[in-house]
Amino acid sequence: MSNGVRRAQAGDESAFEALYREHVGRVYAICLRMSGDARRAEELTQDAFVRAWERLGSFRGESAFSSWLYRIAVNVVLGTRRAEGRRAHRHEIAAGLATAAEREEAGAVERSPGTRLDLERAIAELPPGARTIFVLHDVEGYRHEEIARLTGLAPGTSKAQLHRARRLLREALDL
Amino acid sequence: MTCREADTRIDAFLDGTLEPEERDALETHLRECDRCRRESAGLRALLDDAAILPRSREPGRDLWPEIRAEIRRRRAVALEPRRTHGPWVRRALLAAAAVALIVLSSTITWLLREPAEGPAPHLGPAPNAAFPADVRAWETQVVEATRELASALERNRESLAPETVTLLEENLRIIDDAIRESRAALAEDPGNAALGQMLWATYKQKLDLLQQAARWSAES
């Protein structure tokens with residue numbers, strides 16, 4: 001466990017701010033892709049960090065702090081969706097994606113920026129259930145059994161949703 | 001293996017979760033079937049693109065101030081569970097006002113050790129949800145009332161002990177900061193009744209403090 005995490009656990013706000021600065025991009029990316037809405041993703045990101053602050057005492061260092069934090073973010077998004085039971089507005093993500101893609105071109109690996117932007121847009125356009133499973137499995141690397149525990153879906157349903165998401169994305173991207 | 005059977009196995013094949021026997025059968029089919037080979041290649045391209053998506057994305061603004069405000073609010077005040085139908089970020093703007101009130105109540109208890117007596121400035125009813133028109137009308141009364149009390153206090157300032165004056169000024173500053181933040185939050189979300197109630201309560205606390213201090217200074 002890092003010294004910064006220990007200090008945050010002891011109530012040091014500046015230490016927690018440092019953790020925020022280090023991990024906000026990753027947390028926001030999770031919230032953005034799972035929600036499909038930039039403004040909503042900001043709120044979810046805030047929720048995630050507040051919840052992490054409240055639960056710092058339960059972090060024992062058995063996993064990486066980042067893994068623990070990102071899981072909290074996933075749970076925040078899923079929990080909010082269950083509570084609200086409504087669809088996110090997907091089209092609003094486009095403006096944020098365009099700006100972010102431009103910023104990332106300089107440091108990007110050798111892939112077409114247009115392809116990455118198209119994929120982000122296509123993910124945002126997926127139905128919420130399919131989008132959740134695709135982001136968790138193919139972007140974040142969760143296994144179906146883990147996704148099933150997080151979402152309450154049966155593993156078979158998770159696999160079916162993934163198949164559907166992949167098919168829709170391939171159609172949208174002409175792959 | 002048929003193409004239909006292959007279709008149901010390509011996902012698991014590319015995920016590396018297919019059983020060895022089925023994997024071998026699928027690989028044999030893919031070598032012989034152009035259509036399924038194209039399907040597999042298309043899915044592989046999608047997964048390759050997904051694998052190199054940027055892991056981080058920066059939000060459009062710095063979220064830390066509101067996170068910090070919410071953390072402090074939860075640490076200082078026990079509030080009702082967050083409602084899910086309203087943007088919580090605006091409730092975070094209540095944090096500064098709430099914390100200010102906590103600080104105020106914990107440090108100036110001795111100033112308010114006697115209940116305020118005598119005619120109190122009429123504040124009118126607490127603002128309802130129809131902001132900002134109501135708050136403009138109501139706030140005008142409050143500002144005038146506080147000005148009168150502050151004038152009365154200033155006239156008798158020298159009768160107060162220096163440490164009393166210092167404490168009073170410090171706490172008025174805290175209240176004024178909370179008022180500013182509440183007003184800013186309300187300007188951003190005029191229909192928020194909770195923010196209006198908070199602003200009302202903060203103004204009332206200022207009036208109570210000034211009234212008590214003015215009375216006390218007159219009696220000194």
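Each remark here, short or long, concerns the structure printed above.
Source: prediction; values computed, not measured. (Residues numbered from 1 in each chain as written. Chains lettered and ligands numbered in written order. Predicted model: local features only at pLDDT ≥ 70, side-chain atom pairs only at ≥ 80, totals over all residues. Heavy atoms only, no water.)

## Focus: the overall build of chain A
Phase 1: From N to C terminus, chain A includes nine helices and zero strands.
Phase 2: Ordering the α and β elements of chain A from the N terminus gives α-α-α-α-α-α-α-α-α.
Phase 3: Within the span of chain A, comprising 175 residues, buried residues form 52% of the whole.
Phase 4: A fraction of 66% describes how many contacts in chain A between residues 6 or more apart in sequence connect residues 24 or more apart. (Helix = DSSP H or I, 4+ residues; strand = E, 2+ residues; numbered from the N terminus. Buried < 20%, exposed > 50% of the residue type's maximum accessible area, 1.4 Å probe, protein only. Contact = heavy atoms within 4.5 Å.)

## Digging into helix α7 (residues 128-139) of chain A
Phase 1: When you tally the buried positions in α7(A), you get 11 out of 12 residues, the bulk of the element.
Phase 2: Those residues of α7(A) lying buried are A:P128, A:A130, A:R131, A:T132, A:I133, A:F134, A:V135, A:L136, A:H137, A:D138 and A:V139.

## Observations regarding the interface of chain B and chain A
Phase 1: Of the residues lining the interface, 39 residues belong to chain B; the matching set on chain A comes to 48 residues.
Phase 2: Carbon and sulfur atoms make up 55% of the area that chain B and chain A hide from each other, which totals about 4100 Å².
Phase 3: Considering only the surface of chain B that becomes buried against chain A, B:L46, B:R57 and B:W64 emerge as the three largest contributors, covering 20% of it.
Phase 4: Summed over the shared surface of chain B and chain A, the result is eight salt bridges.
Phase 5: In this structure, A:E120 engages B:R57 in a salt bridge whose closest nitrogen and oxygen atoms are separated by 2.3 Å.
Phase 6: Linking chain B with chain A are 19 residue pairs in polar contact (both at pLDDT 80 or more).
Phase 7: Of all the secondary-structure elements, those providing two or more residues to the side of chain B that touches chain A are α2 (10-15), α4 (34-51), α5 (64-76) and α6 (88-92) of chain B.
Phase 8: Looking at the side of chain B that touches chain A residue by residue, the class counts come to 16 nonpolar, four polar and 19 charged. (Buried area = accessible area lost by both parts, 1.4 Å probe. Salt bridge = Lys/Arg side-chain N within 4 Å of Asp/Glu carboxyl O. Polar contact = N/O pair within 3.5 Å; in protein donor to acceptor, adjacent residues only side chain to side chain. Nonpolar A, V, L, I, M, F, W, Y, C, P; charged D, E, K, R; others polar.)

## Comments concerning the pattern of salt bridges
Opposite charge on two side chains allows them to pair when their charged atoms are near.
Phase 1: The full count for this structure, using the stated rule, is 24 salt bridges over all chains.
Phase 2: Put simply, A:R40 and A:E43 hold a salt bridge, and the shortest N to O gap is 2.5 Å. Of this pair, A:R40 and A:E43 both sit in helix α3 (residues 38-54), three residues apart, which is roughly one turn of the helix.
Phase 3: Among the charged side chains, a salt-bridge network with shared partners connects A:E54, B:E70, B:R73 and B:R74.

## Observations regarding the packing of α3(A) against α5(B)
Each pair of packed helices can be summarised by the angle the axes make with each other and by the distance between the axes.
Phase 1: Packing of α3(A) against α5(B) leaves a shortest axis separation of 10 Å and a crossing angle of 40 degrees. Of the possible angle classes, the one that applies to α3(A) and α5(B) is oblique. Crossing of α3(A) over α5(B) shows right-handed handedness. Of the residues in α5(B), those touching α3(A) at A:Q46, A:F49, A:V50, A:W53 and A:E54 are B:E66, B:I67, B:E70, B:I71, B:R74 and B:R75.
Phase 2: When grouped by side-chain class, the residues that make up the contact of α3(A) with α5(B) number five nonpolar, one polar and five charged. (Axes fitted to C-alpha atoms, helices over the stretch in contact; angles between N-to-C directions. Parallel < 35°, antiparallel > 145°, perpendicular 65-115°, else oblique. Left-handed = near helix turned anticlockwise from the far one by under 90°.)

## Quick word on unusual backbone geometry
Phase 1: Located in the positive-phi region is A:D174, a residue other than glycine, with phi close to 55 degrees.
Phase 2: Counting through the fold element by element, A:D174 comes out in the segment after α9 (155-173).

## Side note on the packing of aromatic side chains
Phase 1: Taken as a whole and assessed by the stated rule, the structure comprises eight aromatic pairs over all chains.
Phase 2: With a centroid separation of 5.2 Å and 45 degrees between ring planes, the pair formed by A:F59 and A:W68 is classed as tilted.
Phase 3: Through pairs of rings, three or more aromatic residues link up here, namely A:F16, A:Y20, A:F49, A:W53 and B:W64.
Phase 4: One residue, A:R26, lies across the ring of A:Y70, its end atom 4.9 Å from the ring centre. (Phe/Tyr/Trp six-rings, centres within 6.5 Å; stacked < 30°, edge-to-face > 60°. Lys NZ or Arg CZ within 6 Å of the ring centre and 35° of its normal.)

## Regarding the packing of helix α2 (residues 13-35) of chain A against α7(A)
Residues and elements named next belong to chain A.
Phase 1: Between α2 and α7, the least distance of the axes is 8 Å, while the angle of their chain directions is 140 degrees. Facing R33, M34 and S35 of α2, the residues of α7 in contact are R131, T132, V135, L136 and V139.
Phase 2: A class-by-class count of the residues in the contact of α2 with α7 yields four nonpolar, two polar and two charged.

## Describing the nonpolar core
Phase 1: Membership of the largest hydrophobic core comes to 68 residues, with the highest contact counts inside it found for A:F16 and A:F134.
Phase 2: No other element matches α2(A), which puts 11 residues into this core.
Phase 3: Other than its neighbours up to four places away in sequence, A:F16 contacts A:A8, A:F49, A:A52, A:W53, A:L56, B:W64 and B:I71.
Phase 4: The next biggest cluster of nonpolar side chains, apart from the first, holds 23 residues, and it includes B:L168, B:I175, B:L186 and B:Y203. (Core = buried A, V, L, I, M, F, W, Y, C linked by side-chain atoms within 4.5 Å.)

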